[in-house]
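The chain contents come next:
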Amino acid sequence: MDYRRLKDLPEELLPRERLYQLGPETLSNCEILAILLRTGTKGENVLTLAERILVEVGGLSGLGKLTVHDLAQIHGLGKAKSAEVKAALELGRRSVSVDPMSRPVVNSPQDVAHIVMEEMRFLDREHFRVVSLSTKNHVLGISSVSIGSLNSSLVHPRECFKEAIRRNSNAIILLHNHPSGDPTPSQEDIEVTRRLVEGGKILGIEVLDHVIIGDNRFISLKERGIL
């Protein structure tokens, strides 16, 4: 049966009721998005709307890459719902750094890649980020430094270490993606890395690695013996 209105669904199938009864981890991505959206459009209940949006944008990874302005252009969203969805995504991103015990621990390049791979492998421009670590290698935060082709003018030591200093970090890991999908480091990647390593020595913040993200693969400059 095609339920045009969400209230026509049996109660046990309603996303909000399922969340109360079974817990959020049992819900599909579509159901979670439907709870955020609350209402559908004319001829389209909220579950159908949520499903259509996820298909159009390429799932959760695609949803996370869109700006609030991009979201507002999707039929059925508009400014208010777009703001709510973007705010929910941002809360999820920030929640990692709220509780020290819940922060991921980085002991290898694989750990770093696991945290960011699904988001960064699909970016269409180079994003340079810095992972700030505690003395026990807990992730204190991941800060964005620049967007665009990697070069020394875009990646200034001042910007790279600013958040690390603010977070009282013991060490950092440099991180950027190659939109081509090939994570092989360029000469510019190597030169920028060495420049930032020297800056870290002056500040007393160790640069542990530079991880380059490709399409479902990565390269660690530390493992390559470059750093």
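Located above this text is the structure these notes cover.
To keep things clear, this report deals only with the structure shown in the data block. Quantities reported herein were computed from a predicted structural model and do not represent experimental measurements.

What counts and what doesn't
- Residues numbered from 1 in each chain as written.
- Predicted model: local features only at pLDDT ≥ 70, side-chain atom pairs only at ≥ 80, totals over all residues.
- Heavy atoms only, no water.
- Helix = DSSP H or I, 4+ residues; strand = E, 2+ residues; numbered from the N terminus.
- Buried < 20%, exposed > 50% of the residue type's maximum accessible area, 1.4 Å probe, protein only.
- Contact = heavy atoms within 4.5 Å.
- Pairing = 2+ DSSP bridges.
- Right-handed = clockwise from strand over helix to strand, strands pointing away.
- Salt bridge = Lys/Arg side-chain N within 4 Å of Asp/Glu carboxyl O.
- Core = buried A, V, L, I, M, F, W, Y, C linked by side-chain atoms within 4.5 Å.

Right, let's talk about the overall build of the protein chain for a bit. Looking only at helices and strands, one finds 9 helices and 5 strands in the protein chain. Counting the 227 residues in the protein chain, one finds 41% classified as buried. Here the contacts in the protein chain between residues at least 6 apart in sequence split such that 59% fall between residues at least 24 apart.

This next bit is on the pairing of strand 3 (residues 171-177). Strand 3 sits mainly inside the fold: 7 of its 7 residues count as buried. Neither face of strand 3 is exposed, since Ala171, Ile173, Leu175 and Asn177 on one face and Ile172, Leu174 and His176 on the opposite face are all buried. Pairing of strand 1 (residues 127-133) with strand 3, which is carried by 6 bridges, proceeds in the antiparallel orientation. Residue pairing for strand 3: valine 131 is matched across the bridge by isoleucine 173. Bridging between strand 3 and strand 4 (residues 206-213) involves 7 bridges; their strand directions are parallel. Counterpart to leucine 175 in the pairing with strand 4 is valine 211. Where the polypeptide runs from strand 3 across helix 9 (residues 187-203) and back to strand 4, its parallel neighbour, the crossover connection is right-handed.

As a further point, take the pattern of salt bridges. This model, assessed by the stated rule, comprises 12 salt bridges. In this structure, arginine 121 and glutamate 118 form a salt bridge, with 3.4 Å as the shortest nitrogen-oxygen distance. Overall, the relative accessible area of 45% leaves glutamate 118 in the partly exposed class. Across the pair glutamate 163 and arginine 166 runs a salt bridge, and its minimum N-O distance is 2.8 Å. In this pair, glutamate 163 and arginine 166 both sit in helix 8 (residues 157-166), 3 residues apart, roughly one turn of the helix. Here arginine 166 falls in the exposed class, since its relative accessible area comes to 57%. A single salt-bridge network, built from bridges that share partners, covers Glu44, Arg52 and Glu56.

Ranked by size, the top nonpolar core spans 16 residues in total, and within it Leu33, Leu37, Ile53 and Leu63 carry the most contacts. Secondary structure elements with two or more residues in this core: helix 2 (29-37) and helix 3 (46-57). Of all the elements, helix 3 adds the most residues to this core, at 7 residues. Filtering out sequence-adjacent residues up to four positions away, isoleucine 53 remains in contact with Leu33, Leu37, Leu63, Ile74 and Leu77.

All right, on to the environment of isoleucine 32 then. Note that isoleucine 32 resides in helix 2. Linking isoleucine 32 and alanine 50, residues 18 residues apart in sequence, is a C-alpha distance of 8.7 Å. Beyond its immediate sequence surroundings of up to four residues, isoleucine 32 is in contact with Pro24 and Leu27.

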